[in-house]
Amino acid sequence: QVQLVESGGGLVQAGDSLRLSCAASGRTLSNYATGWFRQAPGKEREFVAGIRTNGATTTYADSVKGRFTISRDNAKNTLYLQMNSLKPGDTAVYYCAISLRYAPSPNEYDYWGQGTQVTVSS
């Protein structure tokens, strides 16, 4: 029923900015806690950023705090991740996800997109 489609990834240089989008269909994003995750080759998927249903409470991984911003456009039913001051360590496949829990932990997300590749060169 739910479909999440990420876009906006690409190849950029260190210090550049990029904005990822996650378009949702089948469910209304504002009714769920949503988040961004990333996974590099050979590594486990890690939490990047999350936003609650009210759109006011956001959380970030320490590694991206101050550089990344999660936001949501309710009219477009789209989740965004603004990434500034990108580093080679940010290189990964980025996924958006939604959770059926009100205040989920990083391991409590239920539906996932297919991912979009972000590559940051030094």
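The sections below set out a description of the structure shown in this document. (Residues numbered from 1 in each chain as written. Predicted model: local features only at pLDDT ≥ 70, side-chain atom pairs only at ≥ 80, totals over all residues. Heavy atoms only, no water.)

**Some thoughts on the pattern of salt bridges**
In total, this model carries 5 salt bridges according to the counting rule given. In this structure, Lys 65 engages Asp 62 in a salt bridge whose closest nitrogen and oxygen atoms are separated by 3.4 Å. For the pair Lys 65 and Asp 62, a shared accessibility class is recorded, and that class is exposed. If you follow the salt bridges from partner to partner, you end up with Arg 38, Glu 46, Arg 67 and Asp 90 in one network. (Salt bridge = Lys/Arg side-chain N within 4 Å of Asp/Glu carboxyl O. Buried < 20%, exposed > 50% of the residue type's maximum accessible area, 1.4 Å probe, protein only.)

**Focus: unusual backbone geometry**
You will see that Asn 77, though not glycine, has its phi angle at about 50°, which is positive. Residue placement: Asn 77 occurs in the loop between strand 7 (68–73) and strand 8 (78–83). Positioned with a positive phi, Ser 85 is a non-glycine residue whose angle comes to about 50°. Take Ser 85: it is sitting in the loop between strand 8 and strand 9 (92–99). For Ser 85, a relative accessible area of 40% puts it in the partly exposed group. (Helix = DSSP H or I, 4+ residues; strand = E, 2+ residues; numbered from the N terminus.)

**Quick word on the packing of aromatic side chains**
Evaluation of the coordinates by the stated rule reveals 3 aromatic pairs. With centroids separated by 5.5 Å and ring planes inclined at 75°, the aromatic side chains of Phe 37 and Phe 47 adopt a geometry described as edge-to-face. You can see Phe 37 sitting in strand 4 (residues 33–39) and its partner Phe 47 sitting in strand 5 (residues 46–51), a full 10 residues away along the chain. Across this residue pair, the class does not change: Phe 37 and Phe 47 are buried. For the pair Phe 37 and Tyr 109, a centre-to-centre distance of 5.0 Å together with 75° between the ring planes defines the contact as edge-to-face. Taken together, the residues Phe 37 in strand 4 and Tyr 109 in the loop between strand 9 and strand 10 (111–112) connect sequence positions 72 residues apart. Just as Phe 37 is buried, Tyr 109 falls in that class too. (Phe/Tyr/Trp six-rings, centres within 6.5 Å; stacked < 30°, edge-to-face > 60°.)

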